[in-house]
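For reference, the chains in residue letters:
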Amino acid sequence: MPNITFIDYQGAERAINAASGDTVMEVATSNDVPGIDADCGGACACATCHVYIDSAWVEVVGAAQDLESEMLEVAEGVEANSRLACQIVITDEMDGLIVKTPESQF
Ligand code: FES
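All residue numbers refer to positions counted from 1 along the written sequence of the respective chain. Local features are withheld for residues below a pLDDT of 70 in this predicted model, meaning they are given only at 70 or higher, and side-chain atom pairs are given and counted only at 80 or more; totals for whole chains, interfaces and linings count all residues. Where side-chain values are given, they derive from all heavy atoms of the structure, hydrogens and water being excluded.

Moving on, we get to the overall build of the protein. Along the protein, the regular secondary structure elements total three helices and five strands. Reading the secondary structure of the protein in the N-to-C direction produces β-β-α-β-α-α-β-β. We take the radius of gyration over the C-alpha atoms and set the globule estimate at 2.2 Å times the residue count to the 0.38 power. In summary, the protein has a C-alpha radius of gyration of 12 Å against a globular reference of 13 Å for 106 residues, a match within 12%. Principal-axis analysis of the C-alpha atoms gives the protein an extent of 30 × 25 × 25 Å. Relative accessibility decides the category of a residue: with a 1.4 Å probe and only protein chains considered, values under 20% of the type maximum give buried, values over 50% give exposed, and everything between is partly exposed. Looking at the protein as a whole, 42% of its 106 residues are labelled buried. Long-range contacts, defined here as pairs at least 24 residues apart, represent 66% of the contacts in the protein between residues at least 6 apart. Note on areas: these come from Shrake-Rupley sampling with a 1.4 Å probe, and a residue is covered only by the protein chains present in the view. Accessible surface, the protein: about 5500 Å² in total, of which carbon and sulfur atoms supply 44%. Helix numbering and strand numbering both begin at the N terminus, where a helix is a DSSP run of H or I of at least 4 residues and a strand a DSSP run of E of at least 2. We call two residues contacting when some pair of their heavy atoms lies within 4.5 Å.

For the rest of this paragraph, the subject is the side chain of glutamine 105. Mapping glutamine 105 onto the fold places it in the segment after strand 5 (98-100). Any pair of nitrogen or oxygen atoms within 3.5 Å is treated as a polar contact; in protein, a donor-acceptor pairing is required on top of that, and neighbouring residues in sequence qualify only through side-chain atoms on both sides. Within the structure, the side chain of glutamine 105 is placed 2.6 Å from the backbone oxygen of glycine 35, a separation counted as a polar contact. Not counting chain neighbours up to four residues away, the residues in contact with glutamine 105 comprise Gly35, Ile36, Asp37, Ala47, Thr48, Cys49 and His50.

Okay, the nonpolar core next. Nine residue types can take part in a nonpolar core, namely buried Ala, Val, Leu, Ile, Met, Phe, Trp, Tyr and Cys, and a core is a set of them joined through side-chain atoms within 4.5 Å. Membership of the largest hydrophobic core comes to 29 residues, with the highest contact counts inside it found for Phe6, Val24, Ile36, Ile53, Leu84 and Leu97. Listed by contribution, the elements that provide at least two residues to this core are strand 1 (3-7), helix 1 (24-30), strand 3 (50-53) and helix 3 (66-72). Sorting elements by how many residues they give to this core places helix 1 first, with four residues.

A pair of strands is considered paired only if DSSP assigns at least 2 bridges between the two. The sheet contact formed by strand 1 and strand 2 (residues 13-17) spans five bridges and is antiparallel. Pairing of threonine 5 across the sheet is with alanine 15, part of strand 2. Here strand 1 hands over to strand 2 after five residues, with glycine 11 in that stretch at a positive phi of 95 degrees.

Once that is clear, we can look at the sheet that holds strand 2. A sheet is described by the order of its strands in space; here five strands give the open sequence 2-1-5-3-4, paired in mixed fashion. Every other strand in the sheet has two partners, leaving strand 2 and strand 4 (82-84) as the edge strands with one partner each. Strand-to-strand twist across the sheet, computed as the mean angle between neighbouring axes with direction ignored, equals 35 degrees. Pairing analysis gives three bridges linking strand 3 to strand 4, with the strands arranged antiparallel. Following the sheet pairing, tyrosine 52 is matched in strand 4 by serine 82. What counts as an axis is a line fitted to C-alpha atoms, over the stretch in contact for a helix, and the angles between N-to-C directions run from 0 to 180 degrees.

And the structure:
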């Protein structure tokens, strides 16, 4: 069961056991992780699930696809390691994944 750690902009950490096959957004919203609103419910149409992938995990998580990249253009504070949490499907290889939530979503 992969363990995902969410770190907010103030440094508060929440480690959550996730199920492979769920998205990072689903894990966050079902565990009341602040800073991920997911207004569109995971349809890649709102960008309110914007997260930063910890540098050690960028390669494992992979790059955004075209539609996700277009949505990220409307998010605030986008960086090279930005992703939309609803587009990240958790795999066993992501055990230990660290994502950070942007201040703009609090
Ligand atoms: S939940 Fe809307 S884009 Fe991810």
